[in-house]
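Given next are the chains, with one letter for each unit.
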Protein chains: 2
Amino acid sequence: MPIHYPNGKPYQGGAQTAAQAVNYGGRGMTLEQELNATNDYYRQLRMAVVYKKPTPIQIVKVDYPSRAQAVIKEAYFKTPSTTDYNGVYQGLYLDFEAKETKNKASFPLKNFHPHQIRHFSECLGQAGVCFVVMRFVTLHRLFVYPASNLIMYWQAADTGGRKSIPLTDIETNGFELHPKLQPPIPYLAGVDWLIQTKKVGIIDE
Amino acid sequence: MPIHYPNGKPYQGGAQTAAQAVNYGGRGMTLEQELNATNDYYRQLRMAVVYKKPTPIQIVKVDYPSRAQAVIKEAYFKTPSTTDYNGVYQGLYLDFEAKETKNKASFPLKNFHPHQIRHFSECLGQAGVCFVVMRFVTLHRLFVYPASNLIMYWQAADTGGRKSIPLTDIETNGFELHPKLQPPIPYLAGVDWLIQTKKVGIIDE
């Protein structure tokens, strides 16, 4: 017996649609779409299991026009408590956020929110592998940057320091990714580098 | 400068409200509420960082009646790809689902969905710590049960085997939890037991 979901449709193996599956390769995809394609790729090759978390919603009113479909008629966006992406890679807990800037010389800290910094800090305290996938859109450059370094800049900014991370620091303390057709954002190379260079599970205070 | 979210309200430190914070202790709480309280407790004591994932929603129409608040006017429930809970504990990736039954002698497999079984299998393949928090409501008994054993029963049921897990098996291969005032569902005791008994990251096939 196939299992049916509340919308009356049988389970088809995840939320991915055929349209999403075709559009790989970075042609006009957003950073989120490229990461979703990357996560699909890593999962299919049994290299890692990572998902983007759904956007948290406060549901107020739901209509049931038919037994086949529930329609949410009133709902509100809630403030997330965490970062967007997490999962497991060779026994390690991965946790990351993806951000991009049009700046050419530095990455603005206003791209981050306090709950993301707090969550990174808590996960580092549990020896999670925490990082940011940073894209410099204009420069066509992409980095994995350790959350521990981000936290240092965040704390410095709180006490009057600069409000952005210089590209030179990201080049020095991050790992540059070179996008491929598959996967579009090969961030596991950056994770391997984080592990090798011991930039994992440590908050420099 | 306080950071403002799309609803125009400043960030207040997570989605938790005062009302949610008060109602600890298992008095009339649902399994989900008790696990949320447990996760808050573990996080505050820096023992683990675990969250329930938001319900995935397909948003179709959003109204902006004022600059202060976006109202979702049409949206649909999507089929989740994963289990409900994940996070990090002492460097380990935790992944679990919470389920309850009114049965007294066995736990029905129909409580689980194919995507949950597939996700458990994939996470075990990456050496994640995967389990179910199972409550027998009528018996007032609560267990941590390894996902690897659940998968064995699921596969057996697919080939004509029984459609439920006997309580005797859960007593033998699971870890019984004894609810407390704080935390209501002390599942980390079950996680420690899973790790010690090596029921982690292994799929018996």
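Predicted model, so just to flag it, every value in this text is computed and none were measured. (Residues numbered from 1 in each chain as written. Chains lettered and ligands numbered in written order. Predicted model: local features only at pLDDT ≥ 70, side-chain atom pairs only at ≥ 80, totals over all residues. Heavy atoms only, no water.)

Visitor: Talk me through the relation of the copies chain B and chain A; I want residue IDs and the actual numbers.
Guide: Overlaying chain B on chain A yields an RMSD of 0.0 Å, the required transformation being a rotation through 180° with an accompanying axial translation of 0.0 Å. Each copy turns onto its partner about a two-fold axis. Interface overlap between copies is the fraction of interface residues in one copy that are interface residues in the other; for chain B against chain A it reaches 100%, indicating a shared surface. (Least-squares fit on C-alpha atoms with pLDDT ≥ 70 in both. Contact = heavy atoms within 4.5 Å.)

Visitor: Give a description of the interface of chain B and chain A that names residues and reports values.
Guide: Size of an interface, as often reported, equals the accessible area lost when the parts are brought together. With 50 residues of chain B at the contact, the number on the chain A side is 50 residues. Both faces combined, the contact of chain B with chain A buries some 4,400 Å², and carbon together with sulfur accounts for 65% of it. Of all the elements in the fold, those that place two or more residues in the side of chain B that touches chain A are β1 (49-52), β2 (57-66), β3 (69-77), β4 (85-89), β5 (92-101) and α3 (114-125) of chain B. No other element matches β3(B), which puts nine residues into the side of chain B that touches chain A. Considering only residue class, the side of chain B that touches chain A consists of 28 nonpolar, 15 polar and seven charged. Bridge count for strand β3 (residues 69-77) of chain A against β3(B) is four bridges, and the pairing is antiparallel. In the sheet register, A:Ile72 faces β3(B), and the bridge partner there is B:Ala75. (Buried area = accessible area lost by both parts, 1.4 Å probe. Helix = DSSP H or I, 4+ residues; strand = E, 2+ residues; numbered from the N terminus. Nonpolar A, V, L, I, M, F, W, Y, C, P; charged D, E, K, R; others polar. Pairing = 2+ DSSP bridges.)

Visitor: Go over unusual backbone geometry, please, and point to the residues and values.
Guide: Here the bond from A:Gln182 into A:Pro183 is cis, since omega is -10°, no more than 30 degrees from zero. Mapped onto the elements of the fold, A:Pro183 is located in the loop between β10 (175-177) and α6 (187-196). Its identity is not glycine, yet B:Gln90 carries a phi of approximately 50°, on the positive side. Among the structural elements, B:Gln90 can be located in the loop between β4 and β5. Taking relative accessible area as the criterion, B:Gln90 reaches 58% and is therefore assigned exposed. For B:His140, which is not a glycine, the phi torsion comes out positive at approximately 55°. Tracing the backbone through its elements, the reader meets B:His140 in the loop between β7 (129-136) and β8 (141-146). Among the residues examined, B:His140 registers a relative accessible area of 75% and is labelled exposed. (Buried < 20%, exposed > 50% of the residue type's maximum accessible area, 1.4 Å probe, protein only.)

Visitor: Could you give me a rundown of the nonpolar core, with the residues and numbers involved?
Guide: Among the nonpolar cores identified, the biggest contains 52 residues, and A:Leu150 and B:Leu150 are the most heavily contacted of them. Those residues in contact with A:Leu150 that lie beyond four places of it in its chain are A:Leu109, A:Phe112, A:Ile117, A:Phe120, A:Val132, A:Tyr145 and A:Ile165. (Core = buried A, V, L, I, M, F, W, Y, C linked by side-chain atoms within 4.5 Å.)

Visitor: Help me get a handle on the pattern of salt bridges, residues and values and all.
Guide: On inspection of all chains with the given rule, the structure shows 12 salt bridges over all chains. Residue B:Glu34 is joined to B:Arg135 by a salt bridge in which the shortest nitrogen-to-oxygen separation is 3.1 Å. On the criterion of sequence distance, the pair formed by B:Glu34 in helix α2 (residues 31-44) and B:Arg135 in strand β7 is long-range, its members being 101 residues apart. B:Arg135 carries the same exposure label as B:Glu34, and that label is buried. With its nearest N and O atoms 2.7 Å apart, the salt bridge here joins B:Asp40 to B:Arg43. In this pair, B:Asp40 and B:Arg43 both sit in helix α2, three residues apart, roughly one turn of the helix. Summarising the burial analysis for this pair, B:Asp40 and B:Arg43 share the class buried. Connected through salt bridges with shared partners, the residues A:Arg141, A:Glu171 and A:Glu176 form a single ionic network. (Salt bridge = Lys/Arg side-chain N within 4 Å of Asp/Glu carboxyl O.)

Visitor: Summarise the environment of A:Phe175; cite the residues concerned and give the values.
Guide: Mapping A:Phe175 onto the fold places it in strand β10. Dropping the residues within four chain positions of it, A:Phe175 is found in contact with A:Leu142, A:Phe143, A:Val144, A:Ala189, A:Gly190 and A:Trp193.

Visitor: Go over the sheet that holds β2(B), please, and point to the residues and values.
Guide: Sheets are built from strands paired through backbone hydrogen bonds, the pairs being either parallel or antiparallel. Strand order in this open sheet of four strands is β2(A)-β3(A)-β3(B)-β2(B), and the pairing throughout is antiparallel. Each edge of the sheet is formed by a strand with only one pairing partner; in this case those strands are β2 (57-66) of chain A together with β2 of chain B. Between one strand axis and the next, the sheet turns by 20° as a mean value, whatever way the strands run. Where β2(A) meets β3(A), seven bridges bridge the pair, whose relative direction is antiparallel. Its bridge partner being in β3(A), A:Asp63 is matched across the sheet by A:Val71. (Axes fitted to C-alpha atoms, helices over the stretch in contact; angles between N-to-C directions.)

Visitor: Help me get a handle on a positive patch on the surface, residues and values and all.
Guide: A cluster of like positive charges, contributed by A:Lys61, A:Lys73, B:Lys61 and B:Lys73, occupies part of the molecular surface. Checked against the element boundaries, A:Lys73 lands in strand β3. (Patch = residues over 30% accessible without salt bridge, like charges linked within 9 Å, V, L, I, M, F, W, Y side chains within 5 Å. Areas by Shrake-Rupley, 256 points an atom, 1.4 Å probe, with all protein chains shown as cover. Lys, Arg positive; Asp, Glu negative; His and termini not counted. Charge placed at Lys NZ, Arg CZ, Asp CG, Glu CD.)

Visitor: A description of the UniProt feature "binding site: Mg(2+)" (unreviewed entry) in chain A should follow, citing residues and the corresponding values.
Guide: Residue and element names in this part refer to chain A. Within this numbering scheme, the UniProt entry marks Thr-82, Asp-84, Glu-97 and Gln-116 as carrying the feature "binding site: Mg(2+)" (unreviewed entry). Considering the C-alpha atoms alone, the annotated residues occupy 35 residues of sequence yet fold into one spot, their largest mutual distance being 9.3 Å. Tracing the backbone shows Asp-84 in the loop between β3 and β4 (85-89). For Asp-84, the contacting residues outside a window of four places in its chain are Tyr-51, Lys-52, Lys-53, Phe-96 and Glu-97. Note that Glu-97 resides in strand β5 (residues 92-101). The exposure class of Glu-97 is buried, given its relative accessible area of 2%. Not counting residues up to four positions away in its chain, the partners in contact with Glu-97 are Thr-83, Asp-84, Gln-116, Phe-120, Phe-131, Val-132 and Val-133. Among the polar contacts listed, one links the side chain of Glu-97 to the backbone nitrogen of Asp-84, at a separation of 2.8 Å. (UniProt positions renumbered as here; feature names shortened; annotations may be inferred. Polar contact = N/O pair within 3.5 Å; in protein donor to acceptor, adjacent residues only side chain to side chain.)

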